[in-house]
Amino acid sequence: MTTGKKAENAAQTAKGKAKEAAGRAVGNERLEAEGRAEQVKGDAKQTGEKLKDTFKH
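Each chain carries its own residue numbering, running from 1 in the written order of its sequence. In view of the model being predicted, local features appear only for residues whose pLDDT reaches at least 70, and side-chain atom pairs are presented and counted only at 80 or more, with totals across whole chains, interfaces and linings using the full set of residues. Where side-chain values are given, they derive from all heavy atoms of the structure, hydrogens and water being excluded.

What about the pattern of salt bridges?
Then step 1. The salt bridge definition used is simple: a Lys or Arg side-chain nitrogen within 4 Å of an Asp or Glu carboxyl oxygen. Under the defined criterion, the tally for this structure stands at eight salt bridges.
Then step 2. Across the pair E34 and R30 runs a salt bridge, and its minimum N-O distance is 2.3 Å. A residue pair is termed a helical-turn pair when its members lie 3 or 4 positions apart in one helix, as E34 and R30 do in helix α2 (residues 29-56) at four residues.
Then step 3. Throughout this description, buried means an accessible area under 20% of the type-specific maximum (1.4 Å probe, protein chains only), exposed means over 50%, and partly exposed covers the range between. Taking relative accessible area as the criterion, E34 reaches 29% and is therefore assigned partly exposed.
Then step 4. Its relative accessible area of 55% is what places R30 among the exposed residues.
Then step 5. Notably, a salt bridge pairs E32 with R36, separated by 3.4 Å at the nearest N-O pair. Of this pair, E32 and R36 both sit in helix α2, four residues apart, which is roughly one turn of the helix.
Then step 6. For E32, a relative accessible area of 16% puts it in the buried group.
Then step 7. Relative accessible area serves as the criterion here: at 39%, R36 is assigned to the partly exposed category.
Then step 8. Salt bridges here are not isolated pairs; linked through shared partners, they connect K19, R30, E34 and E38. Under the scheme used here, helices are H or I runs from DSSP no shorter than 4 residues and strands are E runs no shorter than 2 residues, and both carry numbers assigned from the N terminus.

Right, dumping it as C-alpha cells:
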C-alpha cells in the first residue's frame, strides 16, 4: 500500500470520527450518521488496499 493512500484513508476515517462527534455534541443525527458513514468508507478503502498488497507479494 502506498503511504499516500494509507494517509488518505486514515484522514477520511479521522474526519468521519470528528463529524460524528460534532453531530453528537450538537444533537444533529444526520451529521452523526454522515460521520459514521465516512468512517466505514475509509476503513473499507484501507482494507481494499491491504488486500491488494497481499496479492502483490
